[in-house]
Amino acid sequence: EAGVTQSPRYAVLQEGQAVSFWCDPISGHDTLYWYQQPRDQGPQLLVYFRDEAVIDNSQLPSDRFSAVRPKGTNSTLKIQSAKQGDTATYLCASSWDRSNERLFFGHGTKLSVL
Amino acid sequence: AQSVTQPDARVTVSEGASLQLRCKYSYSGTPYLFWYVQYPRQGLQLLLKYYSGDPVVQGVNGFEAEFIKSNSSFHLRKASVHWSDSAVYFCAVSAGANTGKLTFGHGTILRVHP
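The following paragraphs examine the structure supplied in this document. Quick caveat, the model's predicted, so the values are computed rather than measured.

So, the nonpolar core
So, point 1. Counting residues in each nonpolar core, the largest one holds 27 residues, and the members touching the most others are Leu-19, Trp-35, Leu-47, Leu-48, Phe-74, Leu-76 and Tyr-89 of chain B.
So, point 2. Going through the elements one at a time, strand 2 (10-14), strand 3 (19-21), strand 5 (32-38), strand 6 (45-50), strand 8 (64-68), strand 9 (73-78), strand 10 (87-94) and strand 12 (108-113) of chain B are the ones with two or more residues in this core.
So, point 3. Sort the elements by how many residues they give to this core and strand 10 of chain B lands first, with 4 residues.
So, point 4. Discounting residues that sit within four places of it in the chain, Phe-74 of chain B has contacts with Cys-23, Leu-33, Phe-34, Trp-35, Leu-48, Tyr-50, Val-57, Ala-65, Glu-66, Phe-67 and Cys-91 of chain B.
So, point 5. Listed in part, the 23 residues of the second largest apolar core include Ala-11, Ile-26, Cys-92 and Leu-111 of chain A.

Below, the structure is given as structure tokens:
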């Protein structure tokens, strides 16, 4: 079984530049999550989807971050104008069990904003 | 709102020694508790979870954790560690069923001397 796939693995930007992260969840998983993990901290939920619908995006900085999952499969997280404080690893996870059973995480995209 | 505290940023033990990684949570309702592990160059993986019932839960690779409600704790234990257990361990709490909205601690870096 293929795991959660994320690309790119690394990104280096200047402040003000835009960047997109892509996630391919495990086939059949209806729920997809984006987490932000700053260095030496635990992951923090940004947004999650069930199929194509956003369930909770309350922690997503809406002025610069956006996330979509148009067909309920792959997802894209975009930062419109990156800041140094956005430096972190961005993790995608998926699950199929609505009883909060288990999340499967990708390797993440490590973002550095200079 | 819920929170998780892992008071030990780093733990170093010798191979074959016993291990306890500490986790305390804060949540007013019924907590759903998890331990995830992040091995080098791999994504986060679920070690074990607690929903209800027996407060001692068994996980993979000989790990177990005990839920102590009176102490708001969910410490992770292993009787005899192996060098391959070296990784970062995250404790997490969820607000309830039907959600993957996990709140993670900052993690504990475990180093096992061979």
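Here the narrative resumes.
Some points on unusual backbone geometry
Excluding glycine, residues mostly have negative phi values, and the peptide bonds linking residues are mostly trans.
So, point 1. Of note, the bond from Ser-7 of chain A into Pro-8 of chain A is cis; its omega dihedral lies within 30 degrees of zero at -10°.
So, point 2. Its place among the elements puts Pro-8 of chain A in the loop between strand 1 (5-7) and strand 2 (10-13).
So, point 3. Of note in the backbone geometry, Arg-41 of chain B takes a positive phi value of approximately 65° without being a glycine.
So, point 4. With respect to the element layout, Arg-41 of chain B can be found in the loop between strand 5 and strand 6.
So, point 5. Among the residues examined, Arg-41 of chain B registers a relative accessible area of 73% and is labelled exposed.
So, point 6. A positive phi angle, close to 50°, is found at Ser-72 of chain B, a residue other than glycine.
So, point 7. Judged by its relative accessible area of 25%, Ser-72 of chain B falls in the partly exposed class.

Procedures and definitions
Just so you know, the residues in each chain are numbered from 1, in the order the chain's sequence is written. The naming scheme follows written order: chains are lettered A onward, ligands numbered 1 onward. Totals for whole chains, interfaces and linings use every residue, but because this is a predicted model, local features are given only for residues with pLDDT of at least 70 and side-chain atom pairs only at 80 or more, for both listing and counting. By convention in this description, side-chain values take in all heavy atoms of the structure and omit both hydrogens and water. Only buried Ala, Val, Leu, Ile, Met, Phe, Trp, Tyr and Cys residues count toward a nonpolar core, and they belong to the same one when joined by side-chain atoms within 4.5 Å. Here's how the labels work: a residue is buried when its accessible area is under 20% of the maximum for its type, exposed when over 50%, partly exposed in between, all with a 1.4 Å probe on protein chains only. Only runs of H or I of at least four residues qualify as helices and only runs of E of at least two qualify as strands under DSSP, and these elements are numbered from the N terminus. We call two residues in contact whenever any of their non-hydrogen atoms come within 4.5 Å of each other.

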